[in-house]
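# Report on the structure
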Amino acid sequence: MRSVMVQIPNTPPSAVPAAHSVPTSADVARLAGVSRATVSYVLNNTSAVRISEPTRRRVHEAARELGYVPHAAARSLRAGHSRMVLMPAPAIPAGPLYSRFLTELQSALGRLDYTVVQYGSVGLQGDEAARAWAELRPVAVLVPGTGLGPRGVAVLRRSGARAVVTLGPDRVEGAHALLMDHEAVGHCAGARLRARGRRRIGVIVPEEPGLEAFSRPRLAGVRRALRGTDATVTALPLAYTEQAAAQLAARWRESGLDAVFAYNDEYAMLLMRALQDEGVRIPEDVAVVGADDLMLGRLLRPRLSTVHVELPSGRDLAGLVDRAVREPGAEPEVHRVLGASLVPRESG
């Protein structure tokens, strides 16, 4: 049997592609000429150890040059907890006012060395959602709106969350609470319309699911402002669509209403355009007041009267979270927030 011998040439080591290695803190330490402990102190912003500014610069420059990023999980193991603050996405659309608040809050938490993670839990509610959040082992959870109960708070606590903070109209046992007084928003609008001599007042109640916790107290606030007067209050369910607004505007004259508090500026703008298309004059035939004081309301003609809503400071809330993380055994704090003040303009 004939055989053929084939010689395979040796491939020099330099020709073999090197596996990409992930830079470590030891690599940063070698490049910067410092110890690994110093690298850890600098990159974790440890204040208990004094390190000169030139050394800090060398460490940061070495980390940038190597593309080194600290390992969050390893840092969590050393600290005994993560630095992750979980913010479940609200079940309702977040308007411009709330979005600005979230941006400010995230920036403030970042300056305190927390990592903010927004979590979308579509289809999950209450305790079921709490279990999903607990799987990520956050150090704190900020829960917008309603739905979380005491059992959900207990689940989060057992998973290692040192702080649970709710942002809504009601407090939850075991959690820190920022109570938002939406009734004050409606009261402010109702008082304005009463002062303008309006006596047959409609209040837009959004039909979108999840907004009831905010719309009901705003409606109650209008009723409280008009209690003891000859004014009447009519709830007006409305979906946030042009078609729904047009249908409401088409029967406006037969309703006999001479004013409307439109829940917020977005609903006010939707309804104003529909009313104007029907030839209903604002404010001569109907006065309109919104809420949130959005920039677009100032661009309408007539300019939109509104209730300026003062959300809590993102910096103050970040301070509450940090305080709760550092003192996990402290009694839950309860703060009443959401100031309301009228911004009078031409529409009502």
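None of these values were measured; they are calculated from a predicted model. (Residues numbered from 1 in each chain as written. Predicted model: local features only at pLDDT ≥ 70, side-chain atom pairs only at ≥ 80, totals over all residues. Heavy atoms only, no water.)

One pass over the full model with this rule turns up 2 aromatic pairs. On the basis of an interplanar angle of 85° and a centroid distance of 5.8 Å, the ring pair of Tyr 263 and Tyr 267 is categorised as edge-to-face. We classify Tyr 263 as buried; its relative accessible area is 6%. The class for Tyr 267 is buried, based on a relative accessible area of 5%. Put simply, the rings of Tyr 240, Tyr 263 and Tyr 267 pair up and form one aromatic cluster. If you follow Arg 83 out to its NZ or CZ, it ends over the ring of Tyr 114, 3.9 Å from the centre. (Phe/Tyr/Trp six-rings, centres within 6.5 Å; stacked < 30°, edge-to-face > 60°. Buried < 20%, exposed > 50% of the residue type's maximum accessible area, 1.4 Å probe, protein only. Lys NZ or Arg CZ within 6 Å of the ring centre and 35° of its normal.)

Once that is clear, we can look at the sheet that holds strand 3 (residues 140–144). Reading across the sheet, the 6 strands line up as 2-1-3-4-5-11 and stay open at both edges, with parallel pairing between neighbours. For this open sheet the edge positions go to strand 2 (115–119) and strand 11 (334–337), each flanked by a neighbour on one side alone. Mean inter-strand twist for the sheet, computed between neighbouring axes without regard to direction, equals 15°. Here strand 4 (residues 163–168) pairs with strand 5 (residues 176–180) via 4 bridges, running parallel. Residue pairing for strand 5: Leu 167 is matched across the bridge by Leu 178. Its contacts with the sheet place helix 14 (residues 314–326) against strand 1 (84–88), strand 3, strand 4, strand 5 and strand 11, and it is angled at close to 150° to strand 4. (Pairing = 2+ DSSP bridges. Helix = DSSP H or I, 4+ residues; strand = E, 2+ residues; numbered from the N terminus. Axes fitted to C-alpha atoms, helices over the stretch in contact; angles between N-to-C directions. Contact = heavy atoms within 4.5 Å.)

It is worth spelling out the packing of helix 8 (residues 182–195) against helix 9 (residues 212–226) at this point. Across the interface, helix 8 lies against helix 9 with an axial gap of 6 Å and an inter-helix angle of 40°. Put simply, helix 8 runs oblique to helix 9. As helix 8 runs across helix 9, the sense of the crossing is right-handed. Contacts between helix 8 and helix 9 involve His 182, Glu 183, Val 185, Gly 186, His 187, Gly 190, Ala 191 and Arg 194 from the former and Phe 214, Pro 217, Arg 218, Ala 220, Gly 221, Val 222, Arg 224, Ala 225 and Leu 226 from the latter. (Parallel < 35°, antiparallel > 145°, perpendicular 65-115°, else oblique. Left-handed = near helix turned anticlockwise from the far one by under 90°.)

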